[in-house]
Amino acid sequence: MRTGPGIRKAATAVLALGLSAALAACSDGGDGGGSSGDGAGHKGAPKLSVSGAYVSRPPMDDMAAGYLTVRNTGGGADELTSVTTPLASEVTLHSTQGTRMKQVSSLDVPANGRLELTSGGDHLMLTNLTHRPKVGEKVNFTLHFATSAPIEIKVPVEPTTYRPKD
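Only a predicted model underlies this, so the values are computations on that prediction, with no experimental measurement involved. (Residues numbered from 1 in each chain as written. Predicted model: local features only at pLDDT ≥ 70, side-chain atom pairs only at ≥ 80, totals over all residues. Heavy atoms only, no water.)

**With respect to the packing of aromatic side chains**
Line of reasoning, step 1. Throughout the structure, instances matching the rule amount to two aromatic pairs.
Line of reasoning, step 2. Here the aromatic rings of Tyr54 and Tyr67 are separated by 5.0 Å at their centres, their planes lie at 40°, and the arrangement is tilted. Here Tyr54, found in strand S1 (residues 48-56), pairs with Tyr67, found in strand S2 (residues 63-72); they are 13 residues apart in sequence, far enough to count as distant. As far as the burial class goes, Tyr54 and Tyr67 line up, both buried. (Phe/Tyr/Trp six-rings, centres within 6.5 Å; stacked < 30°, edge-to-face > 60°. Helix = DSSP H or I, 4+ residues; strand = E, 2+ residues; numbered from the N terminus. Buried < 20%, exposed > 50% of the residue type's maximum accessible area, 1.4 Å probe, protein only.)

Structure, rendered in structure tokens:
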């Protein structure tokens with residue numbers, strides 16, 4: 001089987017693109033912080049921070065909901081792929097469109113934008129809780145992303161009826 005120069009050129013371009021992407025993913029400065037904000041690094045890299053996180057005190061012993069905002073001031077998009085916490089054996093990501101809620105494998109964090117997890121919108125579902133958390137308790141969360149380093153946060157438990165002021 002012969003390959004012409006066009007096939008070889010296309011294969012070389014695909015290989016170069018793949019290597020560039022792999023190198024870009026590995027070049028966050030090595031500190032694992034993912035949000036140094038020092039301006040160094042690549043223009044297309046995400047720069048993530050988390051704010052407004054809370055867990056509503058669950059009305060039941062086995063399930064709770066979590067909310068937060070992930071801000072991305074970088075030029076590259078990312079995805080929230082999972083969340084872990086000692087409070088629950090499983091945390092699932094849920095997307096809400098209209099009145100329909102469905103579990104998803106990831107949620108987009110757009111470049112120069114934000115992912116908002118809110119009551120009545122996209123949110124986290126914590127299931128198989130180790131205990132029913134009390135208002136004022138702090139819960140550790142680790143947010144995992146497709147390209148950025150994990151982010152660890154302490155999340156307060158708020159009353160069931162709590163709504164952020166924004």
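**Examining the pairing of strand S3 (residues 78-84)**
Line of reasoning, step 1. Two strands pair when backbone bridges link them, and S3 and strand S6 (residues 107-109) are joined in this way by three bridges, in the antiparallel orientation. Its bridge partner being in S6, Leu80 is matched across the sheet by Leu107.
Line of reasoning, step 2. With four bridges joining them, S3 and strand S9 (residues 138-145) adopt antiparallel strand pairing. When the bridges of S9 are listed, Val83 appears paired with Leu143. (Pairing = 2+ DSSP bridges.)

**Considering the nonpolar core**
Line of reasoning, step 1. Leu124, Leu126, Phe141 and Leu143 are the most contacted members of the largest nonpolar core, which totals 27 residues.
Line of reasoning, step 2. Contacts of Leu124, omitting those with residues within four sequence positions, involve Ala64, Ala65, Gly66, Leu68, Val83, Val91, Thr92, Leu93, Leu117 and Phe141. (Core = buried A, V, L, I, M, F, W, Y, C linked by side-chain atoms within 4.5 Å. Contact = heavy atoms within 4.5 Å.)

**Remarks on unusual backbone geometry**
Line of reasoning, step 1. Even without glycine at this site, Asn112 takes up a positive phi of about 50°.
Line of reasoning, step 2. Residue classification places Asn112 among the exposed positions, given a relative accessible area of 60%.
Line of reasoning, step 3. In this structure, Asn128 is a non-glycine residue whose phi angle is positive, near 55°.
Line of reasoning, step 4. Topologically, Asn128 is positioned in strand S8 (residues 123-129).

**Re the confidence of the model for the chain**
Line of reasoning, step 1. Per-residue confidence for the chain gives a mean pLDDT of 81, with 73% of residues at or over 70.
Line of reasoning, step 2. Scored below 50 in pLDDT, residues 6-42 shows 12 contacts in the model against residues more than four places distant or in partner chains. (pLDDT = per-residue confidence, 0-100.)

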